[in-house]
Amino acid sequence: MAKSRIYQPELECMNPEERKKLQGERLRKTVALVYENVPLYKERMDAKGVKPEDIQTVEDIKLLPFTEKTDLRDTFPFGLLATSKDNIVRIQGSSGTTGKPIVSGYTENDVQVWADMVARAMAAIGAGKDDIVQVCYGYGLFTGGLGAHQGAEEVGAMVVPMSSGNTQRQIMMMQELGSTVLCCTPSYAAYLGESIRDAGLIPKKDIKLKAGLFGAEPWTEGMRQHIEELLGIDACDIYGLTEIAGPGVAFECLEKNGAHINEDHVIAEIIEPVTCEQLPYGESGELVFTTITKTGMPLLRYRTHDICKLYPEVCKCGRTTVRMGRITGRTDDMIIIRGVNVFPSQIETVLVKTKGVEPHYQLIVDRIHNADTLEVKVEMTEEVFALPDSTSEIQKLQKYITEQIKSVVGIQTQVSITAPKSLPRSEGKAKRVIDNRKL
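Residues numbered from 1 in each chain as written. Predicted model: local features only at pLDDT ≥ 70, side-chain atom pairs only at ≥ 80, totals over all residues. Heavy atoms only, no water.

1. Regarding the overall build of the chain
Logical step 1: Across its full length, the chain carries 12 helices and 21 strands.
Logical step 2: The globule rule puts the C-alpha radius of gyration for 439 residues at 22 Å, and the 22 Å found for the chain is close to it.
Logical step 3: Seen through its C-alpha atoms, the chain measures out along the principal axes to roughly 75 × 60 × 40 Å.
Logical step 4: For the chain, with 439 residues in total, the buried portion stands at 55%.
Logical step 5: In the structure as shown, the chain presents an accessible area of about 18,900 Å², 51% of it carried by carbon and sulfur atoms. (Helix = DSSP H or I, 4+ residues; strand = E, 2+ residues; numbered from the N terminus. Rg over C-alpha atoms; globule rule 2.2 N^0.38 Å. Buried < 20%, exposed > 50% of the residue type's maximum accessible area, 1.4 Å probe, protein only. Areas by Shrake-Rupley, 256 points an atom, 1.4 Å probe, with all protein chains shown as cover.)

2. Here we look at the pairing of strand β11 (residues 285-291)
Logical step 1: Burial within β11 is extensive, with seven of its seven residues counted as buried.
Logical step 2: Taken together, the six bridges between strand β10 (residues 266-271) and β11 define a ladder with antiparallel strand orientation. Looking across to β11, one finds that alanine 268 is bridged to phenylalanine 289.
Logical step 3: Note that β11 and strand β12 (residues 302-308) share four bridges and pair antiparallel. Paired with glutamate 286 across the two strands is isoleucine 307, which belongs to β12. (Pairing = 2+ DSSP bridges.)

3. Structural notes on the sheet that holds strand β14 (residues 323-324)
Logical step 1: Sheet architecture is open: nine strands sit in the order β4-β3-β5-β6-β7-β8-β9-β14-β13, paired in mixed fashion. Bordering the open sheet on either side are β4 (158-160) and β13 (310-311), each of which pairs with just one other strand.
Logical step 2: Two elements, strand β8 (residues 246-252) and strand β9 (residues 259-261), share three bridges in a ladder whose sense is antiparallel. Bridged to phenylalanine 251 within β9 is histidine 260.
Logical step 3: Contacts from helix α7 (residues 167-177) reach β3 (132-135), β4 and β5 (181-184), with the element oriented near 175 degrees to β3.
Logical step 4: Here helix α8 (residues 186-198) sits on the sheet in contact with β5 and β6 (211-214), set at roughly 130 degrees to β5. (Contact = heavy atoms within 4.5 Å. Axes fitted to C-alpha atoms, helices over the stretch in contact; angles between N-to-C directions.)

4. Points about the pairing of strand β18 (residues 357-368)
Logical step 1: Of all the 12 residues making up β18, nine are buried; the element is thus mostly covered by neighbouring parts of the structure.
Logical step 2: Two elements, β18 and strand β19 (residues 371-380), share nine bridges in a ladder whose sense is antiparallel. Residue pairing across strands places tyrosine 361 opposite valine 378, the latter belonging to β19.
Logical step 3: Connecting β18 to the antiparallel partner β19 that follows it, the hairpin turn spans two residues, and histidine 369 within it adopts a positive phi of roughly 50 degrees.

5. A short note on the nonpolar core
Logical step 1: Membership of the largest hydrophobic core comes to 73 residues, with the highest contact counts inside it found for Met122, Phe289 and Met324.
Logical step 2: Element by element, the count of residues in this core is highest for helix α5 (residues 108-124), at nine residues.
Logical step 3: Setting aside its immediate chain neighbours within four residues, methionine 324 contacts Tyr239, Ala250, Gly258, Ala259, Ile261, Leu287, Cys308, Lys309 and Leu310.
Logical step 4: Judged by nonpolar contacts, the second largest core, of 23 residues, contains Val342, Leu351, Val409 and Ile417. (Core = buried A, V, L, I, M, F, W, Y, C linked by side-chain atoms within 4.5 Å.)

6. Some remarks on the packing of aromatic side chains
Logical step 1: Within this structure, the stated rule accounts for five aromatic pairs.
Logical step 2: Judged by centre distance (6.0 Å) and plane angle (80 degrees), the rings of phenylalanine 214 and tryptophan 219 are edge-to-face.
Logical step 3: Overall, the relative accessible area of 0% leaves phenylalanine 214 in the buried class.
Logical step 4: A relative accessible area of 4% means that tryptophan 219 is categorised as buried.
Logical step 5: With centroids separated by 6.1 Å and ring planes inclined at 40 degrees, the aromatic side chains of tyrosine 239 and phenylalanine 289 adopt a geometry described as tilted. Taken together, the residues span a long stretch of sequence, with tyrosine 239 in strand β7 (residues 234-241) and phenylalanine 289 in strand β11 at a distance of 50 residues.
Logical step 6: Lying over the aromatic face of tyrosine 106, lysine 294 brings its terminal NZ or CZ to 4.4 Å of the ring centre. (Phe/Tyr/Trp six-rings, centres within 6.5 Å; stacked < 30°, edge-to-face > 60°. Lys NZ or Arg CZ within 6 Å of the ring centre and 35° of its normal.)

Below is the structure:
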């Protein structure tokens with residue numbers, strides 16, 4: 001088992017009231033910076049009748065305008081910079097493949113802040129100078145690879161910058177180098193685990209991994225258990241987004257009871273997605289972030305469209321930062337089937353609890369005779385596939401999963417049980433939904 005550490009205890013374990021004062025000071029500086037240097041924010045604040053001097057405490061954040069992803073596209077590439085291009089040392093961007101990308105400019109200060117945040121995540125799962133961190137996130141504009149890389153270096157670990165893909169080579173390097181920490185998407189971690197098992201390798205003996213930081217896509221508690229069983233590790237969540245600071249905005253410790261938000265660098269809110277009103281701790285809504293230490297491209301009240309809850313209670317690990325619960329869906333990933341809101345994570349919750357199937361699935365949405373349909377494709381396990389009377393077992397599984405999904409989301413679905421390894425694997429973010437209604 002990994003042993004957790006606290007990288008910057010004076011900040012991560014700060015008295016919450018002292019932290020609120022620090023947040024207020026940094027918020028005031030950030031608001032003044034963007035008001036003077038970013039035309040979009042000056043225009044929106046003026047339209048709301050808000051001046052920088054009106055922002056005195058964290059509570060005043062509700063006076064500020066929201067920022068949307070469309071704002072980054074509309075001002076692409078440098079319209080939201082709060083400093084001159086001379087001070088930008090790096091550009092990071094979204095992993096999207098269509099339309100204009102989302103890019104963010106980082107100053108030297110911003111890169112260091114980001115490295116510190118990921119270093120906290122590394123320490124939280126026990127990574128340090130005696131570890132070998134294998135990074136299987138993609139490198140490039142996408143923040144995953146470089147984010148994990150710089151955080152691992154910050155704690156003094158040896159870094160193996162494998163990037164994504166080439167699974168057999170990944171496993172060979174794990175064996176030969178003795179990698180102890182894995183960084184990748186949860187869906188790829190599961191695939192690596194299955195490939196290691198299929199190769200006849202034994203975790204803890206042939207593979208030395210002890211912990212992993214997995215992010216870039218939502219995943220369930222059931223998926224965590226699946227990865228931990230496959231790899232024999234502690235699997236922890238790491239959260240981030242290009243627009244704010246990449247991975248490291250929040251991270252789980254080994255208590256695995258919510259992701260600690262780096263509140264000395266960002267202010268988190270939960271809002272009601274339609275009315276945009278702030279919601280109290282413990283209520284589910286849309287996650288919103290304001291950066292308070294970024295100097296290249298600070299963002300005010302950025303709407304992530306991720307749905308979760310915030311918890312203020314002090315963690316058993318000693319950190320006093322607010323924690324965010326698991327992402328239960330996205331306001332823009334939600335599928336509406338015959339008037340019912342469906343999130344892929346709801347389907348995954350059913351599948352990972354069902355014996356006889358693997359947590360590899362696809363949701364196929366279509367419209368037939370003017371009626372919406374949802375097909376759930378999921379792989380059977382090798383054990384079911386090898387049964388003499390597998391047809392009977394498949395029929396039982398189909399019936400059971402159909403009933404369970406209906407009880408969770410309230411709609412009838414078509415469940416298709418496919419052969420092992422028949423669904424496409426992802427080495428980056430898993431593509432769970434194919435909506436043919438949009439074609």
